[in-house]
Amino acid sequence: MSATPCEAAPALVDSHCHIVFRNFDADLDEVSRRWREAGVRALIHACVEPAEIPAIRSLADRFPELRYAVGVHPLDCGHWQPDTAAVLEAAARADARVVAIGELGLDLFRATNLEEQLAVLRPQLDLAVRLDLPVIIHCRDAAEPMLAELRRRQENGGCPRGVMHCWGGTPEEMAGFLDLGLYISFSGTVTFPKAEPIHRCARQVPADRYLVETDCPFLAPVPRRGKRNEPAYVAAVAARVAELRGETLEQVAAATTANAARLFRLPAQVV
């Protein structure tokens, strides 16, 4: 009997996607067919603000391989209300398919409201510790304050496990986050020819501490750069990481799938 496409392809996990966005409305069935053919066995859907949660939950009903996070993105601080932490906690407790809090974090590339972002970040980190869930961390031009916040928490015994999503920092910054027990996730940016710091990180990161993702619909990998990204393209991310590390695609797929399953406690039937 010949293998089906998804059986022939190495198993992969897209550890960060946003297929709830409207630019997937017209062809999501075709998109799902392509991710299955590409070997994507599980997807972790990020959340940028609480209003998305019902629609993401419906996607999890539609696609059994999908798990999701609940959280507030640092550029969406305006959506934080006095009851938001309670809303996120209720959503996480209500559905076992919620496997993380996020995406949360700091972004000083597009905004300068650091104190406001910290005020939204801190209760989400507290929630992750309380629920024993990992965090999905967005950190852009903000490694120093993020490291300071997490190191303070580690000293006080309250630093959650988690992943630095869409990694775009230096090897030195990566080492700081690895020291905190965090994972590093590579996106389509690792395929960009001039992304030398990310290339060095991909070569140096320990085999048991990294993931791959698309962050779709953003950051499509080469040669689709500038077009809509989708979960199937995580295979191109994994292939480039394999090239950088001098490994096979199968080795990278096996490592990143095992790492994602461990971090997000994915059930065996998913991966």
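Residues numbered from 1 in each chain as written. Predicted model: local features only at pLDDT ≥ 70, side-chain atom pairs only at ≥ 80, totals over all residues. Heavy atoms only, no water.

Caption draft 1: Focus on the layout of surface pockets. Of the voids in this model, the largest pocket is the one considered here, and its volume is about 720 Å³. Lining the largest pocket we find 28 residues, and of these Asp107, His138, Cys139, Arg140 and Cys166 sit closest to its centre. Sorting the residues of the lining of the largest pocket by element identifies strand S4 (98-107), strand S5 (135-140), helix H6 (143-155) and helix H7 (171-179) as the ones contributing at least two each. Of the residues forming the lining of the largest pocket, the biggest block, 3 residues, is contributed by S5. In terms of residue class, the lining of the largest pocket is made up of 12 nonpolar, 7 polar and 9 charged. (1 Å grid on protein atoms, 1.4 Å probe; cavity = no way out; pocket = protein on both sides within 12 Å on 5 of 7 lines; lining within 4 Å. Points joined across faces, edges and corners; volume = space filled by probe spheres on them. Helix = DSSP H or I, 4+ residues; strand = E, 2+ residues; numbered from the N terminus. Nonpolar A, V, L, I, M, F, W, Y, C, P; charged D, E, K, R; others polar.)

Caption draft 2: Examining the pattern of salt bridges more closely. A full pass over the atoms with the stated rule returns 22 salt bridges. When the shortest N-O distance is used, the salt bridge between Asp61 and Arg97 registers 2.8 Å. Residue Asp61 is found in helix H3 (residues 53-62), and its partner Arg97 is found in the loop between helix H4 (84-94) and S4; the two are separated by 36 residues along the sequence. Judged by relative accessible area, which is 53%, Asp61 ranks as exposed. Among the salt bridges present, the one from Glu149 reaches Arg153, with a minimum N-O distance of 2.9 Å. In this pair, Glu149 and Arg153 both sit in helix H6, 4 residues apart, roughly one turn of the helix. Its relative accessible area of 8% is what places Arg153 among the buried residues. Among the ionic contacts, a cluster of salt bridges with common partners joins Arg122, Asp126, Glu149, Arg152 and Arg153. (Salt bridge = Lys/Arg side-chain N within 4 Å of Asp/Glu carboxyl O. Buried < 20%, exposed > 50% of the residue type's maximum accessible area, 1.4 Å probe, protein only.)

Caption draft 3: Quick look at the confidence of the model for the protein chain. Considering every residue of the protein chain, the mean pLDDT works out to 95; 97% of them sit at 70 or more. Across residues 1-6, confidence stays below pLDDT 50; counting only partners more than four residues off in sequence or on other chains, it has 6 contacts. (pLDDT = per-residue confidence, 0-100. Contact = heavy atoms within 4.5 Å.)

Caption draft 4: Local environment of the environment of Cys77. Considering the arrangement of structural elements, one finds Cys77 in the loop between strand S3 (66-70) and H4. Its relative accessible area of 6% is what places Cys77 among the buried residues. Sequence separation between Cys77 and Gln117 is 40 residues, and the spatial gap between their C-alpha atoms is 6.4 Å. What Cys77 contacts, discounting residues up to four positions off in sequence, is Asn113, Glu116, Gln117 and Val120.

Caption draft 5: Fine view of the pairing of strand S7 (residues 183-186). Every second residue of S7 is oriented toward a common face, with Tyr183 and Ser185 on one face and Ile184 and Phe186 on the other, all of them buried. Bridge analysis of strand S6 (residues 162-164) against S7 gives 2 bridges, and the strand direction is parallel. Residue pairing across strands places Met164 opposite Ile184, the latter belonging to S7. In the sheet, S7 pairs with strand S8 (residues 210-212) via 3 bridges, with the strands oriented parallel. Bridging across to S8, Ile184 finds its partner in Tyr210. With respect to chirality, the unit in which S7 leads through helix H8 (residues 196-204) into the neighbouring parallel S8 is right-handed. (Pairing = 2+ DSSP bridges. Right-handed = clockwise from strand over helix to strand, strands pointing away.)

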